[in-house]
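The residues making up each chain are set out below.
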Amino acid sequence: MLPSVSILQQIGLGVLLVIVVLWAVGLIRLTRRGHYGTSAPFPFRRRAPRARIRLDAVPRQTGPGGPASENVDLTPAERQAFDDLVRQLSSRS
């Protein structure tokens, strides 16, 4: 017991520590749910345990499985304005 700290502050610290520990345990259980034999929260969403898949890059959005590319024809004045904007923005960096 610390002599310079009131009993209410010590109780508050104890309650806060218990809440933090419970939160950490709950977070760990939530992230590991459905893996290593732990039961899933909803049986209809249960997945078979598997290795985690990591995406190394964002897949292409165009092609046979994605939407078609779009192309807009610019007038010479619009093209010049766009070129000026690009030059102006690139000079700031």
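Above this text is the structure in question.
Here is a short report on the structure shown in this document. (Residues numbered from 1 in each chain as written. Predicted model: local features only at pLDDT ≥ 70, side-chain atom pairs only at ≥ 80, totals over all residues. Heavy atoms only, no water.)

**Here's the deal with the overall build of the protein**
Right, on to step 1. Within the protein, the secondary structure is distributed over two helices and zero strands.
Right, on to step 2. Here the protein holds 93 residues, and 1% of them are scored as buried.
Right, on to step 3. Here the protein displays about 9,200 Å² of accessible surface, and carbon together with sulfur accounts for 63% of that area. (Helix = DSSP H or I, 4+ residues; strand = E, 2+ residues; numbered from the N terminus. Buried < 20%, exposed > 50% of the residue type's maximum accessible area, 1.4 Å probe, protein only. Areas by Shrake-Rupley, 256 points an atom, 1.4 Å probe, with all protein chains shown as cover.)

**Quick look at the pattern of salt bridges**
Note that side chains of opposite charge can pair when their charged atoms are close.
Right, on to step 1. Per the counting criterion, the structure on display carries two salt bridges.
Right, on to step 2. Its salt-bridge partner being R79, residue D83 comes within 3.9 Å of it at the nearest N-O pair. With a gap of four residues between them, D83 and R79 both fall in helix α2 (residues 76–92), about one helical turn apart.
Right, on to step 3. For D84, the salt bridge goes to R87, with nearest N and O atoms at 2.7 Å. One end of the pair is D84 and the other is R87, both in helix α2 and three residues apart, which spans about a single turn. (Salt bridge = Lys/Arg side-chain N within 4 Å of Asp/Glu carboxyl O.)

**Some words on a nonpolar patch on the surface**
Right, on to step 1. A contiguous nonpolar patch, built from V72, L74, F82, L85, V86 and L89 and spanning about 550 Å² of accessible area, is present on the exposed surface.
Right, on to step 2. Since its relative accessible area comes to 48%, L89 is described here as partly exposed. (Patch = residues over 30% accessible without salt bridge, like charges linked within 9 Å, V, L, I, M, F, W, Y side chains within 5 Å.)

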